[in-house]
Amino acid sequence: HGLMMVVAWLLLAPLGTLLARYGMPGSQSNWYVWHRGSQVTAVLLTVAGIVIGLVKTEDEFATHFFSSHASWGVAVGAMALVQPLNAFIRPAKDASSRSAWKALHSCLGYATLVCGVITCYLGSDEIGKLYRLKNGTDDKTGRNLRIGCLVLGGIWLVGLIVCEFTIGSRHAKANSGKVAKGPE
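Residues numbered from 1 in each chain as written. Predicted model: local features only at pLDDT ≥ 70, side-chain atom pairs only at ≥ 80, totals over all residues. Heavy atoms only, no water.

1. A short note on the overall build of the protein chain
At step 1: Broken down by element type, the protein chain carries six helices and zero strands.
At step 2: Listing every helix and strand of the protein chain by position from the N terminus yields α-α-α-α-α-α.
At step 3: Within the span of the protein chain, comprising 184 residues, buried residues form 33% of the whole.
At step 4: Expressed as a percentage of contacts within the protein chain between residues at least 6 apart in sequence, the contacts between residues at least 24 apart total 69%. (Helix = DSSP H or I, 4+ residues; strand = E, 2+ residues; numbered from the N terminus. Buried < 20%, exposed > 50% of the residue type's maximum accessible area, 1.4 Å probe, protein only. Contact = heavy atoms within 4.5 Å.)

Structure, rendered in structure tokens:
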């Protein structure tokens, strides 16, 4: 469960988000294929991870699903499933509703990504609690996983900032001073 969610929300979803915002180096035409592929894979891993989480916590269902991690996880799962549905109803590029759709899709995508990262962090805390419960001692697994979540999240944040100030500003210059929107 945890490994699937880490790959989905700390690797694939941020990668797909960066591709949608900045495109691919040297080729603006392939960004959509890679964005869609990484996001669909993240959603599939999320669904599989939720199923595994449900099966593995069946004995503790009543208590486990009242944790912050579980509450955030349900929200992330729901938002992750809405995004592909939203993509299916995408208006044509010349439709008047396209800019509103793009804003909704982007905002929901960023919100889902942020919630996914938070959920991974909360999940690492749950793993630490589980080790303490089963072993009677803290083997620092939860702490190390929390640090890992923060490091990966920090790498993506720094990557986003660097891209915004390098690639984003190139898009702005190429568009004669227009605000950089990334690939359409």
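2. Remarks on the environment of Gly2
At step 1: Inspection of the secondary structure puts Gly2 in helix α1 (residues 2-22).
At step 2: Looking at Gly2, the relative accessible area reads 31%, which means it is partly exposed.
At step 3: A sequence separation of 121 residues divides Gly2 from Gly123, and the C-alpha atoms of the two residues are 7.3 Å apart.

3. Regarding the packing of aromatic side chains
At step 1: Scanning the model with the defined rule gives one aromatic pair in all.
At step 2: Between the aromatic rings of Trp31 and Tyr32, the centroid separation amounts to 5.8 Å while the plane-to-plane angle is 80°, which identifies the pairing as edge-to-face. (Phe/Tyr/Trp six-rings, centres within 6.5 Å; stacked < 30°, edge-to-face > 60°.)

4. Quick look at a nonpolar patch on the surface
At step 1: Together, Val47, Val51, Val55 and Leu81 make up an exposed nonpolar region whose accessible area comes to about 330 Å².
At step 2: In terms of residues, the nonpolar patch owes the most to one element, helix α2 (residues 31-56), which gives three residues.
At step 3: By secondary structure assignment, the location of Val51 is in helix α2. (Patch = residues over 30% accessible without salt bridge, like charges linked within 9 Å, V, L, I, M, F, W, Y side chains within 5 Å. Areas by Shrake-Rupley, 256 points an atom, 1.4 Å probe, with all protein chains shown as cover. Salt bridge = Lys/Arg side-chain N within 4 Å of Asp/Glu carboxyl O.)

5. Some thoughts on the layout of surface pockets
At step 1: The volume enclosed by the second largest pocket comes to roughly 820 Å³.
At step 2: Lining the second largest pocket we find 32 residues, and of these Ala20, His35, Gln83, Trp101 and His105 sit closest to its centre.
At step 3: Mapped by element, the contributors of at least two residues to the lining of the second largest pocket are α1, α2, α4 (68-88) and α5 (98-135).
At step 4: Here the lining of the second largest pocket is composed, by residue class, of 16 nonpolar, eight polar and eight charged. (1 Å grid on protein atoms, 1.4 Å probe; cavity = no way out; pocket = protein on both sides within 12 Å on 5 of 7 lines; lining within 4 Å. Points joined across faces, edges and corners; volume = space filled by probe spheres on them. Nonpolar A, V, L, I, M, F, W, Y, C, P; charged D, E, K, R; others polar.)

6. Things to note about the side chain of His35
At step 1: Mapped onto the elements of the fold, His35 is located in helix α2.
At step 2: Residue classification places His35 among the buried positions, given a relative accessible area of 13%.
At step 3: Discounting residues that sit within four places of it in the chain, His35 has contacts with Gly16, Thr17, Leu19, Ala20 and His105.

7. A word on the pattern of salt bridges
At step 1: Applying the stated criterion across every chain yields a total of two salt bridges.
At step 2: In this structure, Glu164 and Arg21 form a salt bridge, with 2.9 Å as the shortest nitrogen-oxygen distance. One end of the pair, Glu164, is in helix α6 (residues 141-174); the other, Arg21, is in helix α1, and 143 residues separate them in sequence.
At step 3: Judged by its relative accessible area of 31%, Glu164 falls in the partly exposed class.
At step 4: Since its relative accessible area comes to 17%, Arg21 is described here as buried.
At step 5: Of the charged contacts, one joins Arg146 and Asp125 as a salt bridge, the two residues approaching to 3.0 Å between their closest N and O atoms. On the criterion of sequence distance, the pair formed by Arg146 in helix α6 and Asp125 in helix α5 is long-range, its members being 21 residues apart.

8. Some details on α2
At step 1: Its 26 residues place the ends of α2 37 Å apart at the C-alpha level, agreeing with the 38 Å of an ideal helix rising 1.5 Å per residue.
At step 2: Taken together, the buried residues of α2 touch α1, α4 and α5. (Expected span 1.5 Å × (residues − 1).)

9. Some points on α5
Side chains three or four residues apart in an α-helix point the same way, a direct result of the helix having 3.6 residues per turn.
At step 1: Counted at 1.5 Å a residue, the expected span for α5 with its 38 residues is 56 Å, and the 54 Å between its end C-alpha atoms agrees.
At step 2: One or two positions beyond α5, positive phi appears at Gly136, with a value near 75°.

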